[in-house]
Amino acid sequence: WRAGRHRAPAAAEVFFRRPPFRGSFALGAGLAEGLRGLRAFRFSAADVAYLRSVLPSTTDDAFFDYLATLDASEVTVTAIPEGSVVFARVPFLQVKGPLLVVQLLETTLLCLVNYASLVATNAARFRLLAGPDVKLMEMGLRRAQGPDGALSASKYSYIGGFDCTSNILAGKLYGIPVRGTIAHSFVMSFRSLEEVQPRELPPRAGGDPVDLAALAVSWLQRVCDLLQTPAGNTNQGELAAFVSYAVTFPCDFQGLLDTYCVRRSGLPNFCAVALALHQLGYQAIGVRLDSGDLAQQSKEIRRAFQACGAHFQVPWFGTIPIAVSNDISEQSLEEFRREGSEIDMIGIGTNLVTCPLQPSLGCVYKLVEVNGSPCLKLTEDEEKMTIPGMKTIYRLYDAAGHPFMDLMALEEEPSPSAGQELGIRVLGRLGETTKVIPSTVEPLHRIYFRNGQVCEPLPSLPEVRTHAQVSLNLLSPAHRRLHEPQHYPV
């Protein structure tokens, strides 16, 4: 400002240098939050007063007057649509505007896209490992880095392919489906059936209320005989907790099986209550395991459910959904696949929201042009050298419909077209020219912000989630695989 350069036209780009988690791709996320931040960008009187108190006393008063007038009305933002697959070194967000404003936006925009893209990518990896049919529940609120981190994790793991969250506030704010299960503390809070109040439940089709606790006890002996486990070994407090929950939520009854012992207590107690409910016209919705060999136990539980279904002539019983949790990681999902399992839903917390395999994506925001002249950062570390000039970004597809290369061209260069032979230089091999012929060419960036307003309709969260899955499915298997993927050229 003092040098009179604050209004010089400038441009910056957001990108990351290395793909996260030793994969080949990331999911770009956080764009909508960034655009909301731009729309609200200004310094209030209180902001200016605080800055006066912390900046050097020699700062010109006119500078603070200038800050009070500052906004993003002269900023233009182009970006790859949120939820798209993005690759290392490719700008997925570009910012143009007065130099001072472009510089001030750096930290805000990086904060809003770095973690968002990282956790969306982490979620996408879990989805790829789990396959399309297993339900994934985000349940990381207790382990996340504070309430803001927890809400962001819920939102962006949904974009990455999770089906639901245990975070009720995220459901309220973002419309994400919410799910949950019984807590161990609920089960442990009961000691005997005498504590169950109320205990009567009317049949679903109508009629006089039935003592559900007594009905469950009558079923328990029959279940234990079938499963060949002594009824006297079951925990009565656990049975009481299940009955109490079933009376309160007869259409949504579920059981947490491992508070005491799955085989000797949790499983027979659940089956007894579920069969009692069935006798009254209700259907249990699932069970959860939170310890032990989850894959092996899921198979044993499935066999028990199928045995009960066949023996007591309850066809749906054998298909009761089985959910698991307990510090689930990528390695856990690989083991489930290798060993085989009967798991229908997986709850993932710590290893999703904290991204322990890579705590930061490392997005950077680099100036590439000032006053129409390209800017280049030179450094002894070749990886940190920047690519100067404003660019147009294209994705090139092969005949099978898979992207095989992202192309960066200067804005003034002619656009490539499908079927055209292109002479390109690949990053990392700039000394040689390669010829490629794309079957399809897709310009990646759209203008999202201009004249202080969002100028492109923003998709809903479910629409972004769908776009992310489509974008991932377009990748070739060699680029989509999570371990030692083929390098994606740029």
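Residues numbered from 1 in each chain as written. Predicted model: local features only at pLDDT ≥ 70, side-chain atom pairs only at ≥ 80, totals over all residues. Heavy atoms only, no water.

**Student:** What exactly am I supposed to notice about the pairing of strand β5 (residues 93-98) here?
**Tutor:** Consecutive side chains of a regular strand alternate in pointing toward one face of the sheet and then the other. Across the six residues that make up β5, a large majority, five, are buried. Pairing geometry for strand β3 (residues 76-79) and β5, over four bridges, is antiparallel. Residue pairing across strands places T78 opposite Q94, the latter belonging to β5. (Buried < 20%, exposed > 50% of the residue type's maximum accessible area, 1.4 Å probe, protein only. Helix = DSSP H or I, 4+ residues; strand = E, 2+ residues; numbered from the N terminus. Pairing = 2+ DSSP bridges.)

**Student:** Mind showing me how you'd approach the environment of L482 here?
**Tutor:** Within the secondary structure, L482 sits in the segment after α15 (477-480). For the pair L482 and V119, spaced 363 residues apart in the sequence, the C-alpha separation amounts to 15 Å. Discounting chain neighbours no more than four positions away, the residues touching L482 are F21, R22, G23, R125, L128 and L129. (Contact = heavy atoms within 4.5 Å.)

**Student:** It is not clear to me how the sheet that holds strand β13 (residues 345-348) should be interpreted in this structure. Could you clarify?
**Tutor:** Adjacent strands of a sheet form backbone hydrogen bonds with each other and so pair up, either parallel or antiparallel. Taken in spatial order, the six strands make up an open sheet running β7-β6-β13-β12-β11-β10, and their pairing is parallel. Only two strands of the sheet have a single partner each, and these edge strands are β7 (164-165) and β10 (254-256). Pairing between strand β12 (residues 322-324) and β13: two bridges, direction parallel. The residue of β13 that forms the bridge with V324 is I346.

**Student:** Whenever I open this one, the side chain of S265 confuses me. Can you help?
**Tutor:** Mapped onto the elements, S265 comes out in helix α10 (residues 262-279). A distance of 2.5 Å separates polar atoms of two side chains, one belonging to S265 and the other to E238. Residues contacting S265, with those up to four places away along its chain left out, are N233, T234, N235 and E238. (Polar contact = N/O pair within 3.5 Å; in protein donor to acceptor, adjacent residues only side chain to side chain.)

**Student:** Is there a simple way to explain the packing of helix α4 (residues 99-130) against helix α12 (residues 330-339) in this structure?
**Tutor:** Relative orientation and spacing of two packed helices are given, respectively, by the angle between their axes and the distance between those axes. Packing of α4 against α12 brings their axes to within 9 Å, and their N-to-C directions diverge by 10°. Relative to α12, the element α4 is oriented roughly parallel. Along its contact with α4, which presents N122, R125, F126, L128, L129 and A130, the element α12 presents E330, L333, E334 and R337. Looking at the contact of α4 with α12 residue by residue, the classes come out as five nonpolar, one polar and four charged. (Axes fitted to C-alpha atoms, helices over the stretch in contact; angles between N-to-C directions. Parallel < 35°, antiparallel > 145°, perpendicular 65-115°, else oblique. Nonpolar A, V, L, I, M, F, W, Y, C, P; charged D, E, K, R; others polar.)

**Student:** Just checking my understanding: could you explain the sheet that holds strand β20 (residues 440-443) for this structure?
**Tutor:** Here we have three strands laid out as an open sheet, ordered β17-β16-β20, and antiparallel in their pairing. Two strands bound the open sheet, and with one partner strand each, they are β17 (403-410) and β20. Each adjacent strand pair in this sheet contributes to an overall mean axis angle of 25°, direction not counted. As paired strands, strand β16 (residues 391-397) and β20 are joined by four bridges and run antiparallel to one another. The partner of Y397 across the bridge, within β20, is T440.

**Student:** What is the right way to read the UniProt feature "domain: Nicotinate phosphoribosyltransferase C-terminal" (unreviewed entry) in the chain from this model?
**Tutor:** Residues given the UniProt feature "domain: Nicotinate phosphoribosyltransferase C-terminal" (unreviewed entry) here are residues 391-490. Helix makes up 18% of residues 391-490 and strand 32%. Its end C-alpha atoms lie 13 Å apart. (UniProt positions renumbered as here; feature names shortened; annotations may be inferred.)

**Student:** Mind showing me how you'd approach the UniProt feature "domain: Nicotinate phosphoribosyltransferase N-terminal" (unreviewed entry) in the chain here?
**Tutor:** Under the local residue numbering, the UniProt record ascribes the feature "domain: Nicotinate phosphoribosyltransferase N-terminal" (unreviewed entry) to residues 2-114. Helix makes up 38% of residues 2-114 and strand 19%, with an end-to-end C-alpha separation of 32 Å.

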